[in-house]
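# What the coordinates show
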Amino acid sequence: MATKILLVEDDRNISELLQLYLEKEGYLVASAPDGRQGLDKFHSYNPDLVLLDVMMPVMNGWDTCRAIRAESQVPIIMLTAKSETDDKVMGLKAGADDYITKPFEMKEVLARMEAILRRTNPTQTANSKQLSFDKLVIDMDAFELIIDGNKVDAPPKEMELLFYLASTPNRVYTRNQLLDEVWGFDYFGDSRTVDVHVKRLREKLEGVSEKWCLKTVWGVGYKFEVL
């Protein structure tokens, strides 16, 4: 079955060009001109990935992203002319998985999409990917984070980051290493991307167990420490 993409973009020229390009690559694409219509389309279309503009009428991309993330862990890539770091961090805090600044090349959008879909689609992974620790299960086959017996919602990038760190307990990774391995070598974001995701993970994991922790190694990076 073809992968379904929801494109929420108010610039008609950009929307039409992206839709034509992605359909040529074999994707099924539905589009909406603003965030409110985008949410309606999201509920009826059930996409595998969302391409989401930031500056839109009626409802902006940040609010739309938060609304989607409140009910779904579908991958979200934000498209925007805003290139400031604070704007990127705001998008990541809203729950986005990636961020592409306009103007962009169609090949870049496709590459980012394919990278995220590979990492978030468990059917493309032959080997089981599940890690278990005291009161913690990271199940990448089902994309489920289970904390103290309860399933906890976590966006794909948080899951991937935690799984990567926990796969090699007590090993320290720099922020740049984590960007390369989790976000991909073609990701052009900065190290604050990692900091934002670690902060969100800590909010979910804080106080769960005394046998492990997500630890900052000051001046270096992060590690999943097993005590």
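Report follows, based on the coordinates. Computed from a prediction, not measured in an experiment: that's the story for all the values here. (Residues numbered from 1 in each chain as written. Predicted model: local features only at pLDDT ≥ 70, side-chain atom pairs only at ≥ 80, totals over all residues. Heavy atoms only, no water.)

This next bit is on the pattern of salt bridges. For the structure shown, the criterion picks out 15 salt bridges. The partner of Arg112 in a salt bridge is Asp98, and the shortest N-O contact between them spans 3.0 Å. Residue Arg112 is located in helix 5 (residues 106-120), and its partner Asp98 is located in strand 5 (residues 98-101); the two are separated by 14 residues in the primary sequence. Like Arg112, the residue Asp98 is buried in the burial classification. A salt bridge links Arg175 to Asp195; the shortest N-O distance between them is 2.7 Å. Of this pair, Arg175 sits in helix 7 (residues 175-183) while Asp195 sits in helix 8 (residues 192-205), placing them 20 residues apart in sequence. Given the relative accessible area of 21%, Arg175 is considered partly exposed. Connected through salt bridges with shared partners, the residues Glu9, Asp53 and Lys102 form a single ionic network. (Salt bridge = Lys/Arg side-chain N within 4 Å of Asp/Glu carboxyl O. Helix = DSSP H or I, 4+ residues; strand = E, 2+ residues; numbered from the N terminus. Buried < 20%, exposed > 50% of the residue type's maximum accessible area, 1.4 Å probe, protein only.)

Glancing now at the environment of Leu79. Mapped onto the fold, Leu79 is located in strand 4 (residues 76-80). On the basis of relative accessibility, which here comes to 0%, the residue Leu79 falls in the buried class. Taking the C-alpha atoms as reference points, Leu79 and Ile100, 21 residues apart in sequence, are found 5.1 Å from one another.

Moving on, we get to helix 5. Taking 1.5 Å of rise per residue, the 15 residues of helix 5 would be expected to cover 21 Å, and the 21 Å separating its terminal C-alpha atoms lies within 8% of that figure. On its buried face, helix 5 sits against strand 1 (4-8), helix 1 (12-24), strand 3 (49-53), strand 4, strand 5 and helix 6 (156-167). (Expected span 1.5 Å × (residues − 1). Contact = heavy atoms within 4.5 Å.)

At a closest axis distance of 10 Å, the pairing of helix 5 and helix 6 adopts a crossing angle of 65°. Relative to helix 6, helix 5 is oriented so that their crossing is left-handed. Contact with helix 5, carried on its side by Ile116, Arg119 and Thr120, involves Pro156, Lys157 and Glu160 of helix 6 and no other residues of that element. Of the residues contributing to the contact of helix 5 with helix 6, the split by class is two nonpolar, one polar and three charged. (Axes fitted to C-alpha atoms, helices over the stretch in contact; angles between N-to-C directions. Left-handed = near helix turned anticlockwise from the far one by under 90°. Nonpolar A, V, L, I, M, F, W, Y, C, P; charged D, E, K, R; others polar.)

The subject of this paragraph is the side chain of Ser209. Tracing the backbone shows Ser209 in the loop between helix 8 and strand 11 (212-217). On the accessibility criterion, Ser209 (13% relative accessible area) is buried. Separated by 2.6 Å, the side chains of Ser209 and Asp134 make a polar contact. Reaching out from Ser209, the side chain makes a polar contact with the backbone nitrogen of Lys211 at a distance of 3.0 Å. (Polar contact = N/O pair within 3.5 Å; in protein donor to acceptor, adjacent residues only side chain to side chain.)

Our next topic: the packing of aromatic side chains. This model, assessed by the stated rule, comprises three aromatic pairs. Here Phe133 and Phe224 contribute two aromatic rings whose centre-to-centre distance is 4.8 Å and whose plane-to-plane angle is 50°, an arrangement assigned as tilted. Taken together, the residues span a long stretch of sequence, with Phe133 in strand 6 (residues 130-133) and Phe224 in strand 12 (residues 221-226) at a distance of 91 residues. Using a relative accessible area of 0% as the deciding quantity, one classes Phe224 as buried. By way of ring pairs, the aromatic residues Phe133, Trp212 and Phe224 are connected into one cluster. (Phe/Tyr/Trp six-rings, centres within 6.5 Å; stacked < 30°, edge-to-face > 60°.)

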